Amino acid sequence: MQYSLLGCSGVSVSRVCLGTMTWGNQNTQQDADQQLDYALAQGVNFIDTAEMYAVPPSADTYGATEKIIGNWLARNSTKRQQIILASKMAGSGLAYIRDGSPMTPEGLIQAVDQSLMRLQTDYVDLYQLHWPNRVSPHFAKHLPGHISFKQVDCQQQQEEMLGLLQALQGCVAAGKIRFCGLSNETPWGLSQYLQLSQQYALPAMVSVQNEFSLLHTKDWPYLLEQCQHQEVAYLPWSPLAGGALTGKYLNGARPQGTRWSMLQRNGLFRDTTRSNLAIAAFIELAKSHNVAPSQLALAWVNQVEGVTSTIIGATSMSQLEQNIAAFKLEITPAMQSDIANFLQQHPLPF
């Protein structure tokens with residue numbers, strides 16, 4: 001296993017981050033225990049979760065994933081020091097989480113305390129803001145015209161960001177969190193947080209967690225360049241585009257128990273005609289190199305300059321084993337050339 005620094009934190013994290021959002025829905029406590037034990041045995045020391053999980057989110061499964069991790073930690077307390085544990089505070093839009101309200105300093109402190117109780121730990125290593133209070137160009141809202149920047153009150157957003165940073169500072173001072181980060185953010189949003197942190201001597205955001213895959217490269221090069229030069233870790237989520245890059249959803253297939261067979265909060269926005277054409281082409285590309293599509297897709301994300309640790313997820317041990325093994329795969333010049341051609345022919349298909 002290889003490791004990278006988590007931004008300016010000084011902490012080393014494995015290039016593989018174990019995502020957990022299926023635990024409590026598609027996966028049981030026993031499944032999670034097996035995944036955690038296996039991942040740690042392979043050198044994975046970075047675990048990512050969120051108060052909102054399990055996914056697809058619902059009032060019934062809210063907090064379920066953190067509770068599962070907490071149960072494991074209670075039985076494996078000696079391993080707590082070995083892992084970098086990350087969680088996230090949900091933003092607005094879910095009525096059963098703080099009445100669906102935007103993130104506030106008071107709500108953040110409450111969310112941290114509740115996560116610590118569910119996780120059965122005294123501290124979280126990395127605490128992230130799951131999505132901004134403003135509408136951001138994520139979850140199929142990244143194409144021109146889908147959102148209006150003019151409708152955002154810049155000063156109000158800055159004041160809200162400052163309040164959240166001050167609340168995070170309080171949590172750091174109390175020993176409840178070590179570092180803080182962002183998720184589903186943009187270069188503008190990250191810049192505001194970094195400037196406010198410097199101006200008011202508050203904790204700097206050490207990471208940003210965004211969707212990134214061969215089907216969704218919108219953060220290259222602008223956000224990744226900024227992360228590289230400002231010592232912010234870039235943590236790609238959904239590196240297999242919600243599992244689509246395995247090819248299992250081609251031709252309308254919906255295998256029972258898979259994510260796309262379930263009702264999704266944001267819909268199946270990755271399922272477009274252009275996406276399916278791109279996926280079919282990628283499957284053939286991987287086949288021509290005698291590599292599993294999922295492993296090639298993960299290995300490619302891992303070698304993108306600026307990427308710190310890639311968040312993977314699995315609903316079975318065989319998937320987890322294959323996914324972790326992908327990070328040993330070397331991208332050959334021939335693979336790199338074919339992938340470059342692929343990206344030119346299939347840019348942002350959703």
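Residues numbered from 1 in each chain as written. Predicted model: local features only at pLDDT ≥ 70, side-chain atom pairs only at ≥ 80, totals over all residues. Heavy atoms only, no water.

Some thoughts on the pattern of salt bridges
Link 1 in the chain: The tally for this structure, following the rule as stated, stands at 14 salt bridges.
Link 2 in the chain: Its salt-bridge partner being Asp113, residue Lys176 comes within 2.8 Å of it at the nearest N-O pair. Here Lys176 is found in the loop between helix 4 (154-173) and strand 7 (177-183), whereas its partner Asp113 is found in helix 3 (residues 105-119), with 63 residues between them in sequence.
Link 3 in the chain: The class of Lys176 is partly exposed, set by a relative accessible area of 24%.
Link 4 in the chain: The exposure class assigned to Asp113 is partly exposed, which follows from its relative accessible area of 29%.
Link 5 in the chain: With its nearest N and O atoms 3.5 Å apart, the salt bridge here joins Lys218 to Asp219.
Link 6 in the chain: Given the relative accessible area of 22%, Lys218 is considered partly exposed. (Salt bridge = Lys/Arg side-chain N within 4 Å of Asp/Glu carboxyl O. Helix = DSSP H or I, 4+ residues; strand = E, 2+ residues; numbered from the N terminus. Buried < 20%, exposed > 50% of the residue type's maximum accessible area, 1.4 Å probe, protein only.)

A closer look at helix 3
Link 1 in the chain: Between its terminal C-alpha atoms helix 3 stretches 21 Å, which fits the 21 Å expected from 15 residues at 1.5 Å a residue.
Link 2 in the chain: Along helix 3, the positions that sit buried rather than exposed are Gly107, Leu108, Ala111, Val112, Ser115, Leu116, Arg118 and Leu119. Down the axis of helix 3, the sector holding all buried residues measures 165 degrees, keeping them to one side. Exposed residues lying more than 90 degrees from the buried face of helix 3 are Glu106 and Met117.
Link 3 in the chain: Packed against the buried residues of helix 3 are helix 2 (64-75), strand 5 (84-89), strand 6 (124-129), helix 4 and strand 7. (Expected span 1.5 Å × (residues − 1). Arc of directions from axis to C-beta. Contact = heavy atoms within 4.5 Å.)

Details of the sheet that holds strand 4 (residues 46-48)
Link 1 in the chain: If you walk across this open sheet you meet the eight strands as 9-8-7-6-5-4-3-10, and the pairing is parallel. Looking along the sheet, the strands with just one partner apiece sit at the ends: strand 9 (233-237) and strand 10 (310-312). Geometrically, the sheet is characterised by an average inter-axis angle of 30 degrees between neighbouring strands, direction not taken into account.
Link 2 in the chain: When strand 3 (residues 16-19) meets strand 10, the two strands line up parallel, connected through three bridges. Bridged to Cys17 within strand 10 is Ile311. (Pairing = 2+ DSSP bridges. Axes fitted to C-alpha atoms, helices over the stretch in contact; angles between N-to-C directions.)

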